[in-house]
Amino acid sequence: MPSTEASASELQDRATLWSVGEIPASDVVSAACDALVAGLDSPGLRVLAACTRAEADYDVHDLLPEALDELGLIFYPVASEAGQEAAARALARRMLAGELTPWELTFRIHQRYGHELPLTERLAALDDEYAILEDDDRAVAQVDAEVTYEARRLAAYPHISTEPTDAPS
């Protein structure tokens, strides 16, 4: 069973990816269910997890902000730079988990943000490099390694904690 921290991180990532249109709302509901199984709990999370696939497309928009807030997680506004950066980090974690290839990561980042998002400029430039590579496996492997390095850099922050924090005294 995944830890509560891993489940919170996955819910945060899926919420962020949903908010930028990368994944369907039903994936957010699945993450909410997984979070409950892992031991996270709040009234809003229970309501979110109870959505059917048919309801998800209509209800996640209204239910997600409250569920995340109750868990101390962040709901990023769709057009915000912070949301775009969080989505890029979530995509990087997906690549590191083997769910995307290095090229798919650079393609998605480049397609979504172009060269406009400072945090992901290097990944967009690496996508340009993939475009000019020929059938040189060594060159592709070198670009893949650079993408992996950038993905690790992006994925290293932020760290999601489910532990309560004390108010400053």
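Residues numbered from 1 in each chain as written. Predicted model: local features only at pLDDT ≥ 70, side-chain atom pairs only at ≥ 80, totals over all residues. Heavy atoms only, no water.

From N to C terminus, the chain includes eight helices and zero strands. Ordered by position in the sequence, the α and β elements of the chain form the string α-α-α-α-α-α-α-α. Principal-axis analysis of the C-alpha atoms places the extent of the chain at approximately 55 × 45 × 30 Å. Counting the 169 residues in the chain, one finds 44% classified as buried. Of the contacts formed within the chain by residues at least 6 apart in sequence, a portion of 59% connects residues at least 24 apart. Element-wise, carbon and sulfur atoms account for 52% of the exposed surface of the chain, whose accessible area totals about 9400 Å². Positive and negative side-chain charges of the chain, numbering 12 and 32 respectively, have mean locations separated by a distance of 3 Å. (Helix = DSSP H or I, 4+ residues; strand = E, 2+ residues; numbered from the N terminus. Buried < 20%, exposed > 50% of the residue type's maximum accessible area, 1.4 Å probe, protein only. Contact = heavy atoms within 4.5 Å. Areas by Shrake-Rupley, 256 points an atom, 1.4 Å probe, with all protein chains shown as cover. Lys, Arg positive; Asp, Glu negative; His and termini not counted. Charge placed at Lys NZ, Arg CZ, Asp CG, Glu CD.)

Once that is clear, we can look at the pattern of salt bridges. Any two side chains of opposite charge can pair, so long as their charged atoms come close to each other. Overall, the coordinates contain 10 salt bridges when judged by the stated rule. Among the ionic pairs, E10 bridges to R14, the shortest N-O distance being 2.8 Å. One end of the pair, E10, and the other, R14, are both in helix α1 (residues 4-19), four residues apart, so they sit about a helical turn from each other. One salt bridge in this structure joins E129 and R122, with 3.7 Å as the shortest N-O distance. On the accessibility criterion, E129 (28% relative accessible area) is partly exposed. R122 sits in the partly exposed class, given a relative accessible area of 33%. The network of salt bridges with shared partners includes E10, R14, R94 and E99. (Salt bridge = Lys/Arg side-chain N within 4 Å of Asp/Glu carboxyl O.)

No statement about biological role is implied by the geometric values presented.
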